[in-house]
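Coordinate analysis (summary)
Residue-level listing of the chains:
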Amino acid sequence: MPQDEFYCRYYSGHQGRYGHEFIEFEFHSDGRLRYANNSNYRNESLIKKEMNVSPLMLKELKRIIADSEITKEDDNKWPKKNSFGKQELEIRYGNEHVSFETAKIGSLVDVQDSGDPDGLRVFYYLVQDLKCLVFSLITLHWKIKPI
Amino acid sequence: MAKYEELDVRATGDLQDLEMADSQPEITIRRKGRGFQSGEQRGDGVHGSEFDKLSSVDSAAGRAQKSIEGWIVLITGVHEEATEEDISDKFADFGPIKDLHLNLDRRTGFVKGYALVEYDNFEEAQEAIKTMNGAKLLGQTLEVDFAFVKSANEDRGRRAGGAGGFTSRSRGGYGGRRSDRRSVSPSRR
């Protein structure tokens, strides 16, 4: 059923003196979680991890996304990507499909100074909550520090 | 790619986008965001291949997947004012808790609503799930299950009794991300 369709992906990265440095993760509706992190700084190499999370984990992820009401937002007034890099958040949930793109956000000051502080704040906190969840899952599953 | 560029999601000014997938009923998907306009494809992120995976060795564990050191149990429905002690008080009954994550809502500072607990043994984790799923904590009903499961392919192989190992799929992204973005037919796996 299309209502059950679900996908969630987050990317944050930039091109710099150490090449393409980024973190990216995605959840598929079947529970597959992929995480990739590349930093060439000090010759660190690409980390690519794949896990499968349970239906209860997916349900909790969907709850967090639904509670945030991110799909009601729009990125057209958010700061555009720049030389410091960009963030992307793609979420397919039910009949909503958003693919937001914005600059990296240093702090809430950047949120406040944007053309849409209320919407960008939703994005800012959701991204932090998603990263927090994914880092916990990676830390517990692999006993590594993800970044 | 060229096909995708014909589909300018903002061109019409409204966000309604009627979708017709082959031999599928009509589905209306509301699309939004600048991300749909950039056509770049990164091969080094989640759309790449050759990801590290933990494969199951323990067939007695059913669909649950062991993590590198132990078994991770997910608890949801956790009250926003619950403490690590509340969780460990309840869940240490089934075995020593090797690790515990009780993450906070970044905006409110209260508990986000879930906890992750690690046990050494499968039996401890299974007993915690059996006993605590549906139990109450601070007036809220908990849901408890394993956090990680075997991949679908692996699980099918297990049930079929064969050696159906995980086969890696390099196809990434949502539903064949760039080339056939118009198609939203479900279960394209």
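Since this is a predicted model, take the numbers as computed values, not measurements.

**Description of the interface of chain B and chain A**
- In this complex, chain B contributes 64 residues to the contact, which on the side of chain A involves 65 residues.
- Both faces considered, chain B and chain A share a buried interface measuring about 5900 Å² in area, 52% of it formed by carbon and sulfur atoms.
- Counting across the chain B and chain A interface gives eight salt bridges.
- The residue Lys112(B) makes a salt bridge to Asp129(A) at a minimum N-O spacing of 2.9 Å.
- There are 36 residue pairs in polar contact (both at pLDDT 80 or more) connecting chain B and chain A.
- Examining the composition of the side of chain B that touches chain A, we find that four residues originate from one element, strand E10 (residues 143-146) of chain B, more than from any other.
- Here the residues of the side of chain B that touches chain A sort into 20 nonpolar, 17 polar and 27 charged.
- Here two bridges tie strand E4 (residues 47-52) of chain A to strand E4 (residues 52-53) of chain B, and the two strands are oriented parallel to one another. Directly across from Glu50(A), in E4(B), lies its bridge partner Lys53(B).

**Describing the sheet that holds strand E3 (residues 32-38) of chain A**
- Spatial ordering of the open sheet is given by E3(B)-E6(A)-E5(A)-E1(A)-E2(A)-E3(A)-E4(A)-E4(B), a layout of eight strands whose pairing is mixed. Every other strand in the sheet has two partners, leaving strand E3 (30-32) and E4 of chain B as the edge strands with one partner each.
- Pairing of strand E1 (residues 6-16) of chain A with strand E5 (residues 86-93) of chain A, which is carried by eight bridges, proceeds in the antiparallel orientation. Its bridge partner being in E5(A), Tyr7(A) is matched across the sheet by Arg92(A).
- The sheet contacts of helix H1 (residues 55-68) of chain A involve E1, strand E2 (19-28) and E5 of chain A, and relative to E1(A) the element is tilted by about 70°.

**Observations regarding the UniProt feature "domain: RRM" (unreviewed entry) in chain B**
- Per the UniProt record, "domain: RRM" (unreviewed entry) is annotated on residues 71-149 of chain B.
- With 24% helix and 29% strand, residues 71-149 of chain B has end C-alpha atoms that lie 10 Å from one another.

Conventions and cut-offs
Residues numbered from 1 in each chain as written. Chains lettered and ligands numbered in written order. Predicted model: local features only at pLDDT ≥ 70, side-chain atom pairs only at ≥ 80, totals over all residues. Heavy atoms only, no water. Contact = heavy atoms within 4.5 Å. Buried area = accessible area lost by both parts, 1.4 Å probe. Salt bridge = Lys/Arg side-chain N within 4 Å of Asp/Glu carboxyl O. Polar contact = N/O pair within 3.5 Å; in protein donor to acceptor, adjacent residues only side chain to side chain. Helix = DSSP H or I, 4+ residues; strand = E, 2+ residues; numbered from the N terminus. Nonpolar A, V, L, I, M, F, W, Y, C, P; charged D, E, K, R; others polar. Pairing = 2+ DSSP bridges. Axes fitted to C-alpha atoms, helices over the stretch in contact; angles between N-to-C directions. UniProt positions renumbered as here; feature names shortened; annotations may be inferred.

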